[in-house]
Amino acid sequence: MILVCAPNPAIDKTLLLAGWAPGGVWRATQVLLQAGGKGYNFARALGVLGQPALVVGPLGGRDGHRLCGLAAAHGIAHAPYWVAGETRTCTIIVDTAAGTDTVLNEPGAAQQPGEWERLLAALQQQLPHARFLAVCGSCRPADPVDGLQQVVQLAQRHNVPVLLDTHGAQLAAAVAAGPALLKINQNEAAALLGRALRGIEDVRQALPDLRARGAQQVVVTLGAAGALAIDGAGKTYFCSAPQVAALCAVGSGDSFFAGLAAALCAGAPLPAALRHGVAAGAANTLQLGAGSFSAERAQQLLAALPEPA
C-alpha cells in the first residue's frame, strides 16, 4: 500500500467551455466534480493502475463531507481527520476551442493550533502498513515551514521511503530531510535552485544540483516534452513523451507521479519507472478529470515509448 499525505485537499470543479475569455457571462457545456488536490488525484490514478493507496489529510465543513462522497464514488480509500476550516474548491476551465486549461486554486483555510500535529498522528497510525509514503501537493496557509520536513523524518523513523511531490515554502526543508525521491516540474525546479531553467539541456545540467539539495533521486517533468531523472549514482535519464491529441493536461503531473510510484512499488528501477510515469501522464491528457485515464491506453503508450537515454 502507498500511503498518501495530502496536506491541502480540494474539490476540483472542471468546466468545459468553447471560446472562453475573461469577462462576460459564460455557460459550461459540461461540469465535472472530483475529490481533488494532488493527493486525491494521485490516489485515483494509482487505482487506475491497480495500486492500493490510502489518503490522509484534513477535511472540513460541508465541502469536506462532499469530498468524502466524491472519493467514495471513485473508490478512493482515505482516512481523513476533521478540522475547523472549510475544504477548498479549485476551478478548472477547459476551453475546447483554444485548447487551453485555466486553473483557479483557492489557498485553503488557514490551519488552527494543533491541526498539524493531528496530521502527524494520523500518518503515524498508518505508516506501519505502508510500502511508500507519497507526499502530494501544497500546504494550507499557516502550516509550518518545516512541516513536511517533519513528515519525511517521521516516515524515515518507520523505515518507509518517501516520494515527494510538493512546492512552495515547505519544499526546501522537506528535500533537505533526504526523501527517497523528489518529483517536481521544470518551474518548481527553477524556483528551488533560484535560477532560470529554459530547456531540456538546462534541466539536465541542473539535475546534480537538485540532487545535492538532499533527495536520493530526482525526477523533473517537462510537460509535453517528457521527463528527466537522476539516480542515486548520479546517472541521468531522459524519456520523451508521446505525441497525443490532448484534451486537458490538468492532473497529468499527478498521473505521471502515480505511474512512477506504482512502478517503483513493483520493484522497477528508475529508468523503467520513468517510462511508466510518462505513459500515465500522457494518457491523462486524453480525457477530462485528473487521474481518470484509461489503463489500457496508458499501456499502449508505454509499449511505444523508447528506452530512456
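Right above here is the structure, for reference.
Everything in this summary refers to the structure shown in the same document.

Calculation criteria
- Residues numbered from 1 in each chain as written.
- Predicted model: local features only at pLDDT ≥ 70, side-chain atom pairs only at ≥ 80, totals over all residues.
- Heavy atoms only, no water.
- Helix = DSSP H or I, 4+ residues; strand = E, 2+ residues; numbered from the N terminus.
- Expected span 1.5 Å × (residues − 1).
- Bend = angle between axes of the 7 residues up to and from the residue.
- Buried < 20%, exposed > 50% of the residue type's maximum accessible area, 1.4 Å probe, protein only.
- Contact = heavy atoms within 4.5 Å.
- Polar contact = N/O pair within 3.5 Å; in protein donor to acceptor, adjacent residues only side chain to side chain.
- Lys, Arg positive; Asp, Glu negative; His and termini not counted.
- Salt bridge = Lys/Arg side-chain N within 4 Å of Asp/Glu carboxyl O.
- Axes fitted to C-alpha atoms, helices over the stretch in contact; angles between N-to-C directions.
- Parallel < 35°, antiparallel > 145°, perpendicular 65-115°, else oblique.
- Left-handed = near helix turned anticlockwise from the far one by under 90°.
- Nonpolar A, V, L, I, M, F, W, Y, C, P; charged D, E, K, R; others polar.
- Disulfide = S-S within 2.5 Å.

Let us look at helix 7 (residues 200–212). The end-to-end C-alpha distance of helix 7, which contains 13 residues, comes to 19 Å, matching closely the 18 Å that a straight helix rising 1.5 Å per residue would cover. By the largest-angle criterion, Ala 206 marks the main kink of helix 7, which is about 40°, and a proline, Pro 208, follows within four residues. For helix 7, the complete set of buried residues consists of Val 203, Ala 206, Leu 207 and Leu 210. Residues of helix 7 that are buried sit in contact with strand 11 (181–185), helix 6 (186–193), strand 12 (217–221), strand 13 (226–230) and strand 14 (236–240). Looking one or two residues past helix 7, Gly 214 carries a phi angle of roughly 140°, positive in sign.

Summarising the element assignment, Ser 255 is placed in helix 8 (residues 252–265). On the basis of relative accessibility, which here comes to 0%, the residue Ser 255 falls in the buried class. Looking at Ser 255, its side chain comes within polar contact range of the side chain of Asn 284, at 3.1 Å. Not counting chain neighbours up to four residues away, the residues in contact with Ser 255 comprise Ala 45, Ala 280, Gly 281, Asn 284, Gly 291 and Phe 293.

Before going further, it helps to examine the side chain of Arg 275. Counting through the fold element by element, Arg 275 comes out in helix 9 (residues 270–284). The charged side chain of Arg 275 is buried without a salt bridge, its nearest counter-charge being Glu 307 at 4.1 Å. Within the structure, Arg 275 has its side chain in polar contact with the backbone oxygen of Leu 302 (distance 2.6 Å). If sequence neighbours within four positions are ignored, Arg 275 has contacts with Cys 239, Leu 302, Leu 305, Pro 306, Glu 307 and Pro 308.

Here helix 3 (residues 115–126) crosses helix 4 (residues 147–157) at 20°, and the two axes come no closer than 11 Å. When the axes of helix 3 and helix 4 are compared, the pair comes out roughly parallel. When you trace helix 3 past helix 4, the crossing you get is right-handed. Between helix 3, through Trp 116, Leu 120, Leu 123 and Gln 124, and helix 4, the contact on the second element is made entirely by Gly 147, Leu 148, Gln 150, Val 151 and Leu 154. Considered class by class, the residues forming the contact of helix 3 with helix 4 number 6 nonpolar, 3 polar and no charged.

For the rest of this paragraph, the subject is the state of the cysteines. This structure, assessed with the given rule, holds 0 disulfides. Here Cys 5 is not disulfide-linked; the sulfur of Cys 139 is the nearest cysteine sulfur, at 7.5 Å. Given a relative accessible area of 0%, Cys 5 falls into the buried group. Cysteine Cys 136 remains unbridged, with the sulfur of Cys 5 as its closest cysteine sulfur at 8.0 Å.

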